[in-house]
Amino acid sequence: MLKIEHLKKQFDGQAVLRDVSLEVDPGDVITILGPSGSGKTTLLRCVSFLERADAGTLDFDGIRTDLHGADRRTVAAVRRKMGFVFQSYNLFSNMTALRNVTEGLTVARKLPKAEAERRAMAALERVGLADKRNAYPSQLSGGQQQRVAIARAMALEPDVILFDEPTSALDPELVGEVLAVMRRLAEDGMTMLVVTHELNFARQVSTRTLLMDGGVIVEQAPPEQFFTHPQQERTRQFLQSFREREGHVH
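So, here is what we can say about the structure in this document. This structure is a prediction, so every number in the text was calculated from the model and none was measured. Per chain, residues are indexed from 1 in the order of the written sequence. For this predicted model, a pLDDT threshold of at least 70 governs which residues receive local features, and a threshold of 80 or more governs which side-chain atom pairs are given and counted, while totals over whole chains, interfaces and linings are taken from all residues. Derived side-chain values reflect all non-hydrogen atoms in the structure, with water molecules and hydrogen atoms excluded from consideration.

### Re the pattern of salt bridges
What makes a salt bridge here is a side-chain nitrogen of Lys or Arg within 4 Å of a carboxyl oxygen of Asp or Glu, nothing more. Under the definition given, this model contains 16 salt bridges. Between Arg-126 and Asp-188 there is a salt bridge, with the nearest N and O atoms lying 3.0 Å from each other. Placement of the pair is Arg-126 in helix α4 (residues 113-126) and Asp-188 in the loop between α6 (172-187) and β8 (191-195), with a sequence separation of 62 residues. Burial classification: accessible surface area is computed with a 1.4 Å probe over protein chains only, and a residue below 20% of its type maximum counts as buried, one above 50% as exposed, and the rest as partly exposed. Owing to a relative accessible area of 43%, Arg-126 belongs among the partly exposed residues under this scheme. Asp-213 is paired through a salt bridge with Arg-234; the nearest N and O atoms lie 2.5 Å apart. Here Asp-213, found in strand β9 (residues 208-213), pairs with Arg-234, found in helix α9 (residues 233-246); they are 21 residues apart in sequence, far enough to count as distant. One continuous salt-bridge network, built from bridges that share partners, spans Lys-3, Glu-5, Asp-59 and Arg-64. A run of H or I in DSSP becomes a helix once it reaches four residues, and a run of E becomes a strand once it reaches two; helices and strands are each numbered from the N terminus.

### A short note on the environment of Gly-39
Within the fold, Gly-39 resides in the loop between β3 (29-33) and α1 (40-47). Residue contacts are counted whenever heavy atoms from the two residues lie within 4.5 Å of one another. Those residues in contact with Gly-39 that lie beyond four places of it in its chain are Val-16, Leu-17 and Met-212.

### Comments concerning the environment of Glu-224
Here Glu-224 shows up in helix α8 (residues 223-228). In the structure, Glu-224 is positioned 67 residues away from Glu-157 in sequence and 30 Å away in space, judged by C-alpha atoms.

### Things to note about α4
Take the residue count of a helix, subtract one, and multiply by 1.5 Å to get its expected span. In a regular helix each residue adds 1.5 Å, so 14 residues correspond to 20 Å; α4 covers 20 Å between its end C-alpha atoms and thus fits that length. Of all the residues in α4, the buried ones are Ala-116, Arg-119, Ala-120, Ala-123 and Leu-124. For α4, the angular spread of buried residues about the axis comes to 135°, placing them on one side. Pointing more than 90 degrees away from the buried face of α4 are the exposed residues Ala-114 and Glu-125. Where α4 is buried, its residues meet α3 (97-107) and α5 (142-155). Looking one or two residues past α4, Gly-128 carries a phi angle of roughly 75°, positive in sign. In this description, the arc belongs to the directions extending from the helix axis to the C-beta atoms.

### Details of the layout of surface pockets
Here a cavity denotes grid points, spaced 1 Å and computed from the protein atoms alone, that fit a 1.4 Å probe unable to get out, and a pocket denotes an open set having protein on both sides within 12 Å along at least 5 of 7 lines; residues with an atom within 4 Å of a point are the lining. Grid points are joined across faces, edges and corners, and a volume is the space filled by probe spheres set on the points. Quantified by volume, the largest pocket comes out at close to 630 Å³. Lining the largest pocket we find 19 residues, and of these Arg-79, Met-82, Phe-84, Ala-108 and Leu-156 sit closest to its centre. The set of elements that each furnish at least two residues to the lining of the largest pocket consists of α2 (72-80), β6 (82-85), α3 and α5. Tallied by class, residues from the lining of the largest pocket come to nine nonpolar, five polar and five charged. Computed from the structure, the second largest pocket encloses a volume of approximately 180 Å³. For the second largest pocket, the full set of lining residues is Thr-167, Ser-168, Leu-170, Pro-172, Val-175, Gly-176, Leu-179, Ala-180, Arg-183, His-197 and Glu-198. The class makeup of the residues in the lining of the second largest pocket is five nonpolar, four polar and two charged. Charged means Asp, Glu, Lys or Arg here, nonpolar means Ala, Val, Leu, Ile, Met, Phe, Trp, Tyr, Cys or Pro, and polar covers whatever is left, Gly included.

Structure, rendered in structure tokens:
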């Protein structure tokens, strides 16, 4: 369904993605782990054309394109099938939760207002925030704002949702409510690519977990194997240092 081949990206002469290839099947939940600066976020940003790759190809649901040279029409076609949830919510502060979700439907998708509101309300319902539809972001907790952002991505009815560290800006006690929504999405069969440092979530929800470091995929495996019998020394080091730091991931 989604195939990335030989993706490369440099910033100021520094290779951030060296040669990354990845295949995603419908219903996959792929969690991407790795130290800061390993290229995880850049991978998501290149796949969604928020960042232009230097090289690589993308095969996505019948669209085959060059990640460096894709024209605007192709970029728009790819983005129509993708949702993106950012670390920092990116909600419009002057719009209600409902309007934040309908905006992309009416402006980008040109849906009639009534249809946009129907889809937006269904999405807010799924993230448990139908009662907050008239609240502004400043009236919502960080966890609620992130759930609105997830509803906004879901309302577009994408084939895949990309999550970039969706819980890292949240207070610890709010992380669970966002992960619970993501877990339900996974159970409903939504295809997801998730950059995260929530190891328990990765272990319980992923179909596949991968470790990135130094701009390459070091290892990828089903979570049970990844967490209990990693093949690569680098993966073992990463998991060990993470457990020592967190002190609570078993």
